[in-house]
Amino acid sequence: MKFCVCIKQVPDVTAPIQIRDGELAMDAGRVVLNAYDASAVEEALVLTEQHGGEVEVILIGPDRATETIRKALAMGAAKGTHLVVAEDAELDSASVSKLLADFFQDAGADVILTGKQAQDTDAGLGGAMLAERLGLPYATNAVGLAQEGETLVVTRQGDTGQEIIALPTPCLVTCSNDMNDPRIPSLKGVMGAKRKPIDSRPVVDIPAARVRTLRYEPLPTREPGRVLEGEPHEQAAEVVHLLETEASVL
Amino acid sequence: MSTILSFIAIQNGKPTRSSFEGLSRARHLAAQHGHTLAAVVLAPDASAFTDEIARYGAQTIYTVSDPIFAQHMNAPVVRALEAVIAQVQPALVVFPSSEGVKDVLGALAVRTHAAVLPDVASFDLADGGVEATRPVMASKFYARVRAEGEPVLVSVRSGSYEATESPADATVEALPFSFDESSLKQTLREVVGAATGGIDLADARVVISAGRGVKDEAGQHLVQELADVLGAAIGASRAVVENGMFPATAQIGQTGKVVSPDLYIGVGISGAIQHVAGMVNSRVIVAINTNPDAPIFEVATYGIVGDLYTVLPLLIEELKKAKAVAA
Ligand SMILES: Cc1cc2nc3c(=O)[nH]c(=O)nc-3n(C[C@H](O)[C@H](O)[C@H](O)COP(=O)(O)OP(=O)(O)OC[C@H]3O[C@@H](n4cnc5c(N)ncnc54)[C@H](O)[C@@H]3O)c2cc1C
Ligand SMILES: Nc1ncnc2c1ncn2[C@@H]1O[C@H](COP(=O)(O)O)[C@@H](O)[C@H]1O
């Protein structure tokens, strides 16, 4: 089967990031492959290693995002498509899914995988939007995936339990990072990725975004807390006292 | 005048608290802007919940009853809500941000041509659009966002608003629904590990959250005992979900659930940014950790530097004493 994984380059949230004039200021070099998408790539590789098939990736992003495609190729994907947009292009999940849908109308795939959410915006909309635009059955928040002939069996983490869902292909699945630990590319993989094809296509028409970010704001700061001193039995007694009196939560 | 429609999610046979938080917020906005307040509930017998929903002030309650809603499946939920939205023509639809809602929101937005603001911490109607605040970058920052058009779909993080009652004489309207199951391209084979009984994490007032410091059965037992004394739900970090010590439904954080209880007690949790993303809005945070430099202490109201295996038994004793005095 042909798997195509939608991947996004995101800022590394563990890097120092500041707000300046309502905008995020960070080192443009500190970017990573969205962790949820990395799990999706890993899962596609595992399934094709078991059952045959191929894995491709597609990314929408500025020029510099090519390195994120290379990362997926180094993990083992065979080919990448890069829909190139300007650094400051305004995209929301709706416009991203529209561009991806246009791509898949032509390209086709038996299984489309996305991350359950982008690590930077935590929107979590793109997958289901894309499936709906393509008229595909889908499952979100997958923590497990298996292939039975032409059917995918998804273990989905729901609110109160895990739902085991059988999806006929073609279909779309959004992946949680609780699914697996993505492989670290080997040196051979990294070298090989340099020779793998990346199809770069400039995006001419970016669909207008109906959701805009007006500005970024710091989170409200929490009152500084306090560390309780003393022997363990004193700490235990004091915290219970504080929870009863000062915090009144008991 | 238009309508604000609030979606009531049913879990374990009852409406979730976060659904009523959303409905309460919607009621305030409706009053402020002169809109009508409506609610929608999907269930095998949705009429069973209308009395409770009416207590939160919905003027019209749309019920869609069908056995297919006994288990969560995205396709029938999307179809049913699409039909309700087509009929009601709301300006705004408010959802609690549950896994069930996350599963349908994107598809529903496409089908209803709606702009959508997922997982917001606050929202308002503003000049023909909706403005909201949502945590981004693993809850390091808030993004102030604006959506244009009608309807706008908004899903709200649990604990963002208070659920407050304001009883109204509600009109109940049962909407016809037929879902051709043969058109359902997917099959739900089974639901495993479904929590029965226990206190739902997202709705809990007190949460005990276990991390990698909890190393064995004795540790699990202490966590359970502490939860029992406090009537708390048990949450967990990714580390102990991954190693199989706690169920995946217990995971709190960026990948897991968002909780905002009155009291969160983190036991042997380091406080990685992706975990904190799911609990930083708890009213009071207690952290128990052997490492004084653990980042969890930066957000903790009360910190105890110590070994959980020593501290928890003492804490459980103290709590039992306090409960006995109170009783
Ligand atoms: C994209 C992404 C999403 C993620 N989503 C989530 C998520 O949703 N939820 C989540 O939790 N994590 C998530 N993570 C993982 C997160 O980064 C951390 O790895 C995880 O939270 C660590 O769990 P922990 O605090 O239990 O373990 P550790 O970081 O190993 O911390 C264990 C702590 O226990 C203390 N300890 C040890 N022994 C004792 C003792 N006897 N008594 C008291 N204290 C003790 C140690 O000092 C230490 O601070 C995510 C990561 C990524 C990249
Ligand atoms: N720029 C992008 N290029 C390719 N795929 C993307 C892009 N943005 C989002 N996606 C996919 O959509 C998923 C959900 O994104 P979001 O709705 O933004 O949280 C991500 O995990 C990716 O798989």
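In this text the structure is predicted, and so the values were computed from the model without any measurement. (Residues numbered from 1 in each chain as written. Chains lettered and ligands numbered in written order. Predicted model: local features only at pLDDT ≥ 70, side-chain atom pairs only at ≥ 80, totals over all residues. Heavy atoms only, no water.)

The next point concerns the overall build of chain A. The secondary structure content of chain A amounts to six helices and 15 strands. With the principal axes as the frame, chain A shows a C-alpha extent of 65 × 45 × 40 Å. Per-residue burial for chain A yields a buried fraction of 53% across its 250 residues. Across chain A, contacts joining residues at least 24 apart in sequence account for 69% of those joining residues at least 6 apart. (Helix = DSSP H or I, 4+ residues; strand = E, 2+ residues; numbered from the N terminus. Buried < 20%, exposed > 50% of the residue type's maximum accessible area, 1.4 Å probe, protein only. Contact = heavy atoms within 4.5 Å.)

Quick look at the environment of A:Arg64 now. All names here are of chain A. Tracing the backbone shows Arg64 in the loop between strand S6 (54–61) and helix H2 (66–75). Among the residues examined, Arg64 registers a relative accessible area of 33% and is labelled partly exposed. For Arg64 and Gln9, which are 55 residues apart along the polypeptide, the C-alpha to C-alpha distance reads 9.3 Å. Arg64 has contacts with Gln9, Ala28, Val31 and Glu87, leaving out every residue within four places of it along the chain. Side chain to side chain, Arg64 and Glu87 meet in a polar contact 2.4 Å long. (Polar contact = N/O pair within 3.5 Å; in protein donor to acceptor, adjacent residues only side chain to side chain.)

Let's shift gears to the sheet that holds strand S14 (residues 211–218) of chain A. With respect to topology, four strands assemble into an open sheet ordered S14(A)-S10(B)-S9(B)-S8(B), the strand pairing being antiparallel. Strands with a single pairing partner mark the edges of an open sheet, and in this sheet they are S14 of chain A together with strand S8 (122–126) of chain B. Here the average twist between neighbouring strands, direction ignored, is 25 degrees. Where strand S9 (residues 129–136) of chain B lies against strand S10 (residues 141–148) of chain B, eight bridges are found, and the strand directions are antiparallel. (Pairing = 2+ DSSP bridges. Axes fitted to C-alpha atoms, helices over the stretch in contact; angles between N-to-C directions.)

All names here are of chain B. Domain annotation of chain B identifies domain 1 (3–183) and domain 2 (206–326). If you average the C-alpha positions of domain 1 and of domain 2, the two centres end up 31 Å apart. Listed per partner, the contact involves eight residues of domain 1 and seven residues of domain 2. Here domain 1 and domain 2 share an interface that buries about 710 Å² over both sides, 47% of which is from carbon and sulfur atoms. By the criterion of area lost to domain 2, the three top residues of domain 1 are Ala138, Arg157 and Ser158, representing 55% of everything that side buries. Taken together, domain 1 and domain 2 are joined by zero salt bridges. On inspection of domain 1 and its partner domain 2, the count reaches three residue pairs in polar contact (both at pLDDT 80 or more). By residue class, the composition of the side of domain 1 that touches domain 2 is three nonpolar, three polar and two charged. (Domains from an automatic or database assignment. Buried area = accessible area lost by both parts, 1.4 Å probe. Salt bridge = Lys/Arg side-chain N within 4 Å of Asp/Glu carboxyl O. Nonpolar A, V, L, I, M, F, W, Y, C, P; charged D, E, K, R; others polar.)

Residue and element names in this part refer to chain A. The environment of ligand 2 is formed by 19 residues, the closest being Cys6, Asp37, Ile60, Gly124 and Gly126. Ile60 is positioned such that a nitrogen or oxygen atom in its backbone is 2.8 Å from a nitrogen atom of ligand 2. In the complex, the protein chains occlude 96% of the 490 Å² of accessible area that ligand 2 would expose alone. For the shell around ligand 2, the elements supplying multiple residues, two or more each, are strand S1 (2–7), S6, helix H3 (93–107) and strand S8 (111–115). Per-element accounting of the shell around ligand 2 gives the leading share, three residues, to S6. Residues belonging to the shell around ligand 2 are distributed by class as follows: nine nonpolar, eight polar and two charged. (Near = heavy atom within 4 Å. Areas by Shrake-Rupley, 256 points an atom, 1.4 Å probe, with all protein chains shown as cover.)

Turning our attention to the environment of B:Arg238. By the secondary structure assignment, B:Arg238 is in helix H6 (residues 238–242). Each C-alpha atom of the pair B:Arg238 and B:Ala250 lies 9.0 Å from the other, and the pair is twelve residues apart in sequence. Each residue touching B:Arg238, except ones within four places of it in the same chain, is listed here: A:Asn177, A:Asp178, A:Asp181 and B:Gln251.

Strand order across the open sheet formed by six strands is S15(A)-S18(B)-S17(B)-S16(B)-S14(B)-S15(B), with parallel pairing between neighbours. Bordering the open sheet on either side are strand S15 (226–227) of chain A together with strand S15 (233–236) of chain B, each of which pairs with just one other strand. Here strand S17 (residues 284–289) of chain B runs beside strand S18 (residues 302–305) of chain B; their pairing, made up of four bridges, is parallel. Of the residues in S18(B), the one forming a bridge with B:Ile288 is B:Ile304.

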